[in-house]
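Spelled out from the first residue to the last, the chains are:
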2 protein chains.
Amino acid sequence: MNTDLIKNSPEKVVESLRKVVGDDWVTNDLSQMQGYLYDETETLLRPEACKDCVVVKPASPEEISEVLKYANKEVLPVIVRGGGTGVVAGAIPTQPSIILSLERLNKVVEFDEKNLMITLESGATLSQLLEELNKNGKLFFPVHPGDEGAQVGGMVAANAGGTRAVKHGIMRNHVKALEVVLATGEIITLGGKLLKNNMGYDLLQLMIGSEGTLGIITKVTLRLYARSKCNGTLLVSFNSQRDACDAVPEILQEGITPLAIEYMDRVISEKAAEQLGTTWPAAKGSVDLMFILDECSEDDLYSNSEKVVEICEKHGSVDSIVAETEKDQRHLLQIRSNAYGPYKDNIADIMDVAVPPSSVPDFFDDVKRLTKEYGNEIVSLGHIGDGNIHNFIMGDNGKLPANYEQLKEEIYKTAIKYGGTITAEHGTGKTRKKHMPLQFSQAEINIMENIKRAFDPNSILSPGNIVD
Amino acid sequence: MNTDLIKNSPEKVVESLRKVVGDDWVTNDLSQMQGYLYDETETLLRPEACKDCVVVKPASPEEISEVLKYANKEVLPVIVRGGGTGVVAGAIPTQPSIILSLERLNKVVEFDEKNLMITLESGATLSQLLEELNKNGKLFFPVHPGDEGAQVGGMVAANAGGTRAVKHGIMRNHVKALEVVLATGEIITLGGKLLKNNMGYDLLQLMIGSEGTLGIITKVTLRLYARSKCNGTLLVSFNSQRDACDAVPEILQEGITPLAIEYMDRVISEKAAEQLGTTWPAAKGSVDLMFILDECSEDDLYSNSEKVVEICEKHGSVDSIVAETEKDQRHLLQIRSNAYGPYKDNIADIMDVAVPPSSVPDFFDDVKRLTKEYGNEIVSLGHIGDGNIHNFIMGDNGKLPANYEQLKEEIYKTAIKYGGTITAEHGTGKTRKKHMPLQFSQAEINIMENIKRAFDPNSILSPGNIVD
């Protein structure tokens, strides 16, 4: 990698890039680059950003193509930057790099009501997408990773998940077409407004979750769905994690598929409520399940809510609260959204493992044991219907705890022991790359490296993420 | 490729393979190989099978690994054979080859009710899977490509679709884990009983739809769903294809997602019924839509059926029939399943394009024009909710029509003009491989070739399918 050129002669890089995108859209002035050096990776965890960078803001796939042809010829690292909401250091440059921001590709291209699809430039945000859907009023896009500043291209590159995956799945299930600029400059279109497509290998699937390493996504076509008519939120409390977990599969087997099934340690909910100046409505029990149901009629909503409560009671629930009004629902969701707030200042790392849903209780037991063994105050919440648990490993007065690496690796190994994965939705990025061999055989890693080279022969795109 | 060894010294190959799987499970006796040389590709279309083959029937992934290590060392082509129900010549050896049949890997490994998943060896058939689900009674697997002799491994390798994709999608949406033997002999496990998994590149997705070219699938874990409680079938008739097509998006926007929405030219339904010694229940109109609805209550079924009929009437439907009893429903479905029967003996090729659903009426108009222009009696049916149309190109008294290649290419180009695909569910195989450049740029094909090599460096697996 020719990082010396960027480090020692940035003016040459700036000049070459200005020829492509115009004078106003390239900078290597540190004060202007500050907002481009980090993403939302935990402060204690994130690598130090390299300051010897050049930020470029192209306005079209054609300009991106020219930028990449130049970078590929000179063998310069290119960090793709979306909304910067990632948490695995995927957008942090750790060597002299071109930072390619997609902020100017921010248009809604087409709202195709007839095909129930929407096409956006990759730099359009989730917030823009939701606004567009609100204007329409009839159609709905299910994936919501939390932060509405996320760009849709980034949501594809990260294969975003979130709370609503129980019913609707993840980004992969809804991405129908992509426009992509390859590292070598070709602009290609993958997929289409198609619900079935079996010609050739499905490169679209590879691009989803590729974290900027296989190409730069410039346009995204997403499938939309009819809005459901009635929704409600249920909060059910239990005395034990195992009881709470065991209720979930029985609900799904019954044919009830909530939009979301969220698990929370009570301590998290109470702290989150307190920080917002309110109180958590449940008092009995030590853990809670929150169910969001969306159904096609009031009758279905009512009868399914009843069945959920019934099944939970069979599994030892000690209390249940139905949030009937929109205000009550908003109250619960607001507290859930603030789960991270009270811990933010002293968090070392947020785990993101998934295990088979039936193994969640055993996984929780193992984490309890590790919490004791390592003397860390781990707290947990998760998208329990998906088997996706977020354990917060706490810092040691604003520093990583001494045994952080071992504790983290123990949690990863525990998940893998149950047939799980190190990361369910946050991604591999730079922070988990070194743990690839825990989950994959050398044969698999070799294949991934060769796939990387098939797309990006000089490994210029987002180096340091996933594989090189 | 060292095909000479198989052609000139088959006894050496037989002997080497017998050392791995035992004497009884290897043969190059033509009379015993007859059932292994062809699949369900149309007779007029299929390539001539090479008879210089050796059939091997391993019993385990370990034996498959040994077979592949041998084949890879000697650089011998290996044709993977599942249920032989494919229609794109994917399982037909066109050069001296080892035919590796998965028939002995036919066990149901685990019915995991708690995780709503089932694991089967890849040679287990769809019929076995359905039987297992019937024993259980509560859970359901949605994908049904028609022929229950299909093996689950083949259904994954072909990314099978079928009629029920409107509501439940295709195989890709339900495959959670695979055990795969690589061409180089490593046995790997991709995915897990996981609903979210973002570690590394998703090789599982590449394996789905790879048609035996990237590895040999030996075990499959599928997601299951709760059975829906009530279902019904509606037959709605129209005077024009366009009217019928235009009703469909409005139904979906209304929040009604039928299990299936099937389109049929009336002439097909009438002939299919006649061949079965019965009559097609609809008389008015010239084309039909068949809706299969499955809902969670009788009320929902009733009100959704009413809404479907209402929307169709708005779009000019001329008749509608509700099949209320199970007997009436079976009657309709039986005729639909026989659509192919009356044409079988003189069919040249069954097209399998998909276009964006809203473009189906225009696509139909183009096909009408081509039918006239080429003097071929093309008839059409399709999974219209998915934009997936099967046009039957008819033969010329038991031969391919003189202008077959041009007509086919015109239909492919027409689909691509609307942003469609050459094959929605049948696959690329050997019959469509040469048309890859119609749909893909050279850059994409290069990437696919490099992916093939990343998995299978000597290109021994199912050569001739997709890319070499």
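None of the values given here were measured: they were computed from a predicted structure. Note that residues are indexed from 1 along each chain, following the sequence as it is written. Working convention: letters from A go to chains and numbers from 1 go to ligands, in the order in which they are written. Only residues with pLDDT of 70 or above have their local features reported here, since the model is predicted, and side-chain atom pairs are shown and tallied only from 80 upward, although totals for entire chains, interfaces and linings are computed over all residues. The side-chain numbers reported here are obtained from all heavy atoms of the structure, hydrogens and water having been left aside.

Peer 1: Give a detailed account of the overall build of chain A, specifying residues and quantitative values.
Peer 2: We count a stretch as a helix when DSSP gives it H or I for four or more residues in a row; a strand needs E for two or more, and each element gets its number in order from the N terminus. Secondary structure assignment for chain A yields 16 helices and 19 strands. Taken against the 2.2 N^0.38 rule, which gives 23 Å for 468 residues, the C-alpha radius of gyration of chain A at 23 Å falls within 12% of a compact globule. We call two residues in contact when some of their heavy atoms are within 4.5 Å. Restricting the contact set of chain A to residue pairs at least 6 apart, pairs at least 24 apart contribute 74%. A total of about 17,000 Å² of accessible surface is found on chain A, and carbon and sulfur atoms cover 45% of it. Residues scored as charged are limited to Lys and Arg (positive) and Asp and Glu (negative), so that His and the chain ends carry no count. Charged groups are reduced to one reference atom each: NZ for lysine, CZ for arginine, CG for aspartic acid, CD for glutamic acid. Between the mean site of the 48 positive side-chain charges and the mean site of the 67 negative ones, chain A shows a separation of 3 Å. For the radius of gyration, the atoms used are the C-alpha atoms, and the globule rule reads 2.2 Å times the number of residues raised to 0.38. All accessibility values rest on the Shrake-Rupley procedure with a 1.4 Å probe; residue burial counts only the protein chains present in the view.

Peer 1: How would you summarise the pattern of salt bridges if you had to cite specific residues and measurements?
Peer 2: The term salt bridge refers to a side-chain nitrogen of Lys or Arg lying within 4 Å of a carboxyl oxygen of Asp or Glu. Within the structure shown, the criterion is met by 59 salt bridges over all chains. Between A:Lys196 and B:Glu425 there is a salt bridge; the shortest N-O distance is 2.9 Å. Here the residue A:Lys196 occupies a position in the loop between β9 (187-191) and α8 (203-207), and B:Glu425 occupies one in the loop between α14 (404-417) and α15 (436-439), the pair thus bridging two chains. The class for A:Lys196 is buried, based on a relative accessible area of 1%. The buried category is assigned to B:Glu425, whose relative accessible area is 10%. Via salt bridges that share partners, A:Arg242, A:Asp362, A:Asp365 and A:Lys368 belong to a single interconnected network. Only protein chains enter the accessibility calculation, which uses a 1.4 Å probe. A residue is then buried if its area is under 20% of the maximum for its type, exposed if over 50%, and partly exposed in between.

Peer 1: Describe the environment of A:Gly212, with residues and values.
Peer 2: By the secondary structure assignment, A:Gly212 is in the loop between α8 and β10 (216-223). Sequence-distant contacts of A:Gly212, that is, excluding residues within four places in its chain, are made with A:Val80, A:Ala157, A:Leu461 and A:Ser462.

Peer 1: Could you give an account of the relation of the copies chain A and chain B, with specific residues and numbers?
Peer 2: The superposition of copies rests on a least-squares fit of C-alpha positions from residues with pLDDT of 70 or more in both. The transformation that overlays chain A on chain B combines an axial shift of 0.0 Å with a rotation of 180°, and the residual RMSD is 0.0 Å. Such a combination of rotation and displacement between the chain copies is what one expects of a two-fold axis. Interface residue correspondence from chain A to chain B reaches 100%, placing this contact among same-surface, isologous pairings.

Peer 1: Give a detailed account of the UniProt feature "domain: FAD-binding PCMH-type" (unreviewed entry) in chain A, specifying residues and quantitative values.
Peer 2: Within the UniProt annotation, "domain: FAD-binding PCMH-type" (unreviewed entry) is assigned to residues 48-227 of chain A. Taken as a whole, residues 48-227 of chain A contains 22% helix and 25% strand, while its terminal C-alpha atoms sit 43 Å from one another. UniProt positions are given in the numbering used here, feature names are shortened, and annotations may be inferred rather than shown by experiment.

Peer 1: Account for helix α10 (residues 266-275) of chain A, with residues named and values stated.
Peer 2: Residues and elements named next belong to chain A. Within α10 the residues assigned to the buried category are Arg266, Ile268, Ser269, Ala272 and Ala273. Buried residues of α10, viewed axially, fall in a sector of 160°; they line one side. Next to the buried residues of α10 lie β12 (230-238), β13 (260-265), β14 (287-295), α12 (326-337) and β18 (379-383). Just past α10, the residue Gly277 takes up positive phi, approximately 75°. Think of it as the arc spanned by the lines of direction from the helix axis to the C-beta atoms.

Peer 1: Account for a negative patch on the surface, with residues named and values stated.
Peer 2: Residue and element names in this part refer to chain A. Nonpolar side chains (Val, Leu, Ile, Met, Phe, Trp, Tyr) are joined into patches within 5 Å and like charges within 9 Å, using only residues with over 30% relative accessible area and no salt bridge. On the surface, a cluster of negative charge is contributed by Glu254, Glu306, Glu310 and Glu313. Inspection of the secondary structure assignment puts Glu254 in the loop between α9 (241-253) and β13. By relative accessible area, which is 34% here, Glu254 ends up partly exposed.

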